[in-house]
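A look at the structure
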Amino acid sequence: DFEATALVRSNNDNNNVYVGSNKGEIYKISISEHTFDKIYTYTKSNPINTLYAHLNELYMGFSDGSCVLFPLIENGINHNFPGHTAGITDIDISSDGNLMATSSFDGIVRVYSLDHKMQSPLEFNQHKSWVYSVSFTGNSNEIFSTGRDRKVNHFKIKLDDLAKDLEIHKIEPLSEIQKIKYIEE
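None of the values given here were measured: they were computed from a predicted structure.

**Section: the nonpolar core**
In this structure, Ile26, Tyr40, Leu51, Leu58 and Met60 are the most contacted members of the largest nonpolar core, which totals 14 residues. Among the elements of the structure, β1 (4-9), β5 (48-54), β6 (57-62) and β7 (67-71) are those that each provide at least two residues to this core. Beyond its immediate stretch of four places on either side in the chain, Ile26 contacts Tyr18, Val19, Gly20, Asp37, Lys38, Ile39, Tyr40, Ile48, Leu51, Leu58 and Met60. Among the nonpolar cores identified, the runner-up in size contains 12 residues, and Ala101, Val131, Phe136 and Ile157 belong to it.

Okay, structure coming up:
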């Protein structure tokens, strides 16, 4: 009764592919060894909507809005990124590896600091409905998203100011003044 719901190739080892299931399980497929092993089960058993591999970490977006970092190394620590109220549709990591962006059926794009794993993400809610995908530009200071409203939204982030404040404060949610400070129109 295994149903694959997401798939990602390891970005630091072309030998492995990771598969997410409808029951919140992660399987590792080793191409050279011809093995298929379960390596993780999410405690809530929700379906995995999307996967993203970055270095020795696997980021999982679930149907309940949860986003979890799963380390692919021994003795690594899982980390939950709260905030979304509906299923995660996409995950992207900035080119410098410092930020993670998520999109969701709740209509919001969230940006989290990976350096400090702050609990309070930067939120963009310019879509009128579901957000299907999100992507950083190469220099990591711009994000594009697209959604059910058939629009492509473009956000410019003032990363220097944002990083400083994310280190010092929990930002939840952004005030109008903070939006002006961090988000360029």
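**Let's talk about the pairing of β6**
Along β6, 5 of the 6 residues are buried, which leaves the element largely enclosed by surrounding structure. Bridge count for β5 against β6 is 6 bridges, and the pairing is antiparallel. Considered in β6, the bridge of Ala53 is made with Leu58. Between β5 and β6, which pair antiparallel one after the other, the connecting turn spans 2 residues, and Leu55 there sits at a positive phi close to 50 degrees. Both β6 and β7 contribute to a ladder of 5 bridges, which runs antiparallel. Counted as the bridge partner of Leu58 is Phe70 from β7. Counting the residues between successive antiparallel strands, the hairpin from β6 to β7 contains 4 residues, one of them, Gly65, with a positive phi of roughly 95 degrees.

**Describing the environment of Ile143**
Along the chain, Ile143 falls in strand β14 (residues 142-147). The spacing of Ile143 and Val111 is 32 residues in sequence and 9.5 Å in space, taken between C-alpha atoms. If sequence neighbours within four positions are ignored, Ile143 has contacts with Ala101, Val111, Phe124, Val134, Ser135, Phe136, Asn153, His154, Phe155 and Ile157.

**Regarding the sheet that holds strand β9 (residues 88-93)**
Taken together, the 4 strands give an open sheet; going across it, the order is β9-β10-β11-β12, and neighbouring strands pair in antiparallel fashion. Edge positions in the open sheet fall to β9 and β12 (122-124), since each of these has one partner strand only. Sheet twist, expressed as the average angle between the axes of neighbouring strands with direction ignored, equals 20 degrees.

**Considering the pattern of salt bridges**
One pass over the structure, following the stated rule, counts 2 salt bridges. With a shortest N-O distance of 3.6 Å, Lys38 and Glu25 are connected by a salt bridge. Of the two residues, Lys38 is situated in strand β4 (residues 35-41) and Glu25 in strand β3 (residues 25-30); the sequence distance between them amounts to 13 residues. Looking at Lys38, the relative accessible area reads 48%, which means it is partly exposed.

**Focus on the side chain of Ser145**
Tracing the sequence through the fold places Ser145 in strand β14. Apart from residues no more than four positions distant in its own chain, Ser145 is found in contact with Val109, His127, Val131, Ser133, Val134, Lys151, Val152, Asn153 and Phe155.

**Some thoughts on the side chain of Asn46**
With respect to the helices, strands and loops of the structure, Asn46 is situated in the loop between β4 and β5. Using a relative accessible area of 18% as the deciding quantity, one classes Asn46 as buried. In this structure the side chain of Asn46 is engaged in a polar contact, spanning 2.6 Å, whose partner is the side chain of Asp64. If near-sequence neighbours (up to four positions away) are discounted, Asn46 is found in contact with Asn22, Lys23, Gly24, Phe62, Ser63 and Asp64.

Rules behind the numbers
Just so you know, the residues in each chain are numbered from 1, in the order the chain's sequence is written. For a predicted model such as this one, the threshold for reporting local features is a pLDDT of at least 70, and the threshold for listing and counting side-chain atom pairs is 80 or more; totals across whole chains, interfaces and linings nevertheless cover every residue. Processing note: side-chain calculations cover all non-hydrogen atoms of the structure and skip hydrogens and water entirely. What we call a nonpolar core is a set of buried Ala, Val, Leu, Ile, Met, Phe, Trp, Tyr and Cys residues that are connected through their side-chain atoms within 4.5 Å. Exposed residues in this analysis have more than 50% of their type's maximum accessible area, buried residues have under 20%, and partly exposed residues fall in between, with area computed by a 1.4 Å probe over protein chains only. Helical segments are the DSSP runs of H or I of at least four residues, strand segments are the runs of E of at least two, and each set is numbered from the N terminus. Residue contacts are defined here by distance: any two heavy atoms, one from each residue, within 4.5 Å place the two residues in contact. Note on pairing: DSSP must find at least two bridges between two strands before they are called paired. All axes here are fitted lines through C-alpha atoms, helices being fitted over the stretch that makes contact, and every angle between N-to-C directions spans 0 to 180 degrees. When a carboxyl oxygen of Asp or Glu lies within 4 Å of a side-chain nitrogen of Lys or Arg, that pair is called a salt bridge. We call two N or O atoms a polar contact when they sit within 3.5 Å, provided that within protein one can donate a hydrogen and the other can accept it, with sequence-adjacent residues counted only if both atoms are side-chain atoms.

Remember that the coordinates give geometry; whether it matters functionally is a separate question.
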